[in-house]
Amino acid sequence: MYNKSEIELKVAEFLLQIKAIKLQPNNPFTWASGWKSPIYCDNRITLSHPSVRTYIRQKLTQLVQEEFGSVDLIAGVATAGIPQGVLVAQELGLPFAYVRAKAKEHGTGSLIEGEIVEGQRVVVVEDLISTGKSSLQAVDALKKAGLSVAGLVSIFTYGFDQAEENFKQAKCRYSSLSNYSTLIQYAAEHSFIGQSDVELLANWRRDPSGWGKEQEQLT
């Protein structure tokens, strides 16, 4: 039985405990996009913790089965989605492929690595959803290769409105083990952050691109 709320909280707990997610409301990180952010997520760290890795593998596998039923192939998104996808494919006894960020500039010039067959029903595995742009580029590449994309699963999502809209426009279903709202709830209840930080973190999720500018004006 897939208990969604229980799993959301457990994954949030794990990610905070092993510091795969770091919260620094008063000393924000800078993302590659230039956004200032009070949160940084690196789910690669889960791979270094066997019990966490096992739990995530099992729950991602259950999520694939619960949301999408029978599939023919699991595909990972380079780079952080590759190991998670391999683990899920192994658990399900399915073939695995992955999608590069861009096509190889030598050899075969492949964008998709691994053996694929036109018409295969595939679920994409990602570690993290922010705006969804890179994930949907992978989905588009698989569709153009003649595969039927059932949807996408990830470990964590920030739950941005932009991501919701991007996935809707792409007509791609997606589901995550845990999310930003659950994480902040758990973090506040277990003293990873103070209650005074909760509103600040909520404001960032509402307007991530403008949040850093607001913080600069306040200091």
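Residues numbered from 1 in each chain as written. Predicted model: local features only at pLDDT ≥ 70, side-chain atom pairs only at ≥ 80, totals over all residues. Heavy atoms only, no water.

Peer 1: Can you help me understand the pattern of salt bridges in this one?
Peer 2: Inspection of every chain in the model, using the stated rule, returns eight salt bridges. Between E13 and K10 there is a salt bridge, and its shortest N-O distance comes to 3.5 Å. In this pair, E13 and K10 are both assigned in helix α1 (residues 4-17), three residues apart and thus about one turn of the helix distant. By relative accessible area, which is 29% here, K10 ends up partly exposed. (Salt bridge = Lys/Arg side-chain N within 4 Å of Asp/Glu carboxyl O. Helix = DSSP H or I, 4+ residues; strand = E, 2+ residues; numbered from the N terminus. Buried < 20%, exposed > 50% of the residue type's maximum accessible area, 1.4 Å probe, protein only.)

Peer 1: Just checking my understanding: could you explain the packing of α1 against helix α2 (residues 50-68) for this structure?
Peer 2: How two helices sit against one another is set out by the angle between their axes and by the gap between those axes. Put simply, α1 and α2 touch, their axes get as near as 11 Å, and they point 150° apart. Between α1 and α2, the crossing angle belongs to the class labelled roughly antiparallel. Our pair here, α1 against α2, has a crossing hand that is left-handed. Facing α1, whose interface residues are I7, K10, V11 and F14, α2 presents V52, Y55 and K59. Of the residues in the contact of α1 with α2, the class split is five nonpolar, no polar and two charged. (Axes fitted to C-alpha atoms, helices over the stretch in contact; angles between N-to-C directions. Parallel < 35°, antiparallel > 145°, perpendicular 65-115°, else oblique. Left-handed = near helix turned anticlockwise from the far one by under 90°. Contact = heavy atoms within 4.5 Å. Nonpolar A, V, L, I, M, F, W, Y, C, P; charged D, E, K, R; others polar.)

Peer 1: Got a minute to help me understand the packing of aromatic side chains in this structure?
Peer 2: By convention here, two paired aromatic rings are described through the distance between centres and the angle between planes. Applying the stated rule across the entire model yields 14 aromatic pairs. Measuring from centroid to centroid gives 5.6 Å for W31 and W204, while their planes differ by 85°, and the two rings are edge-to-face. Remark: W204 occurs in helix α7 (residues 195-206) and W31 occurs in the loop between β2 (29-30) and β3 (36-37); sequence separation between them is 173 residues. For the pair formed by W31 and W204, the shared burial category is buried. On the numbers, 6.4 Å between centres and 55° between planes, the contact of Y158 with Y180 is tilted. Here the residue Y158 occupies a position in the loop between β9 (148-157) and α5 (161-169), and Y180 occupies one in helix α6 (residues 180-189), the gap between them amounting to 22 residues. (Phe/Tyr/Trp six-rings, centres within 6.5 Å; stacked < 30°, edge-to-face > 60°.)

Peer 1: Before we go on, may I ask you to explain the sheet that holds strand β10 (residues 174-179) in this structure?
Peer 2: Strand pairing in a sheet relies on backbone hydrogen bonds. The paired strands run either parallel or antiparallel. Pairing within the open sheet is mixed, and its six strands lie in the order β7-β6-β5-β8-β9-β10. Of all strands in the sheet, those with a lone pairing partner are β7 (112-113) and β10, marking the two edges. In the packing of α2 onto the sheet, the strands contacted are β5 (73-77), β8 (121-129), β9 and β10, and the crossing angle to β9 comes to about 140°. Most of the contacts of α6 go to β10, to which it runs at about 10°, and overall it touches β9 and β10. (Pairing = 2+ DSSP bridges.)

Peer 1: For this particular structure, what's the right way to read the nonpolar core?
Peer 2: Nonpolar side chains tend to gather and get buried jointly when the protein is soluble and globular. Formed by 68 residues in total, the largest nonpolar core has its most connected members in I21, L23, F156, Y158 and L183. Per element, the largest residue contribution to this core is seven residues, and it comes from α2. With sequence-adjacent residues up to four places away left out, I21 is seen in contact with L15, L16, I39, Y40, C41, F156 and L183. (Core = buried A, V, L, I, M, F, W, Y, C linked by side-chain atoms within 4.5 Å.)

Peer 1: In this structure, what is going on with unusual backbone geometry? I would like to understand it.
Peer 2: Outside of glycine, negative phi angles account for most residues, and trans bonds account for most peptide bonds. Here the amide bond leading from A78 into T79 is cis, since omega sits at -5°, within 30 degrees of zero. Here T79 lies in the loop between β5 and α3 (81-92). Phi is positive for K19, which is not a glycine, with a value near 65°. Take K19: it is sitting in the loop between α1 and β1 (21-23). The class for K19 is exposed, based on a relative accessible area of 51%. Look at S191: it is not a glycine, yet its phi comes out positive at around 65°. Considering the arrangement of structural elements, one finds S191 in the loop between α6 and α7.

Purely geometric stuff here, so don't read any function into it on its own.
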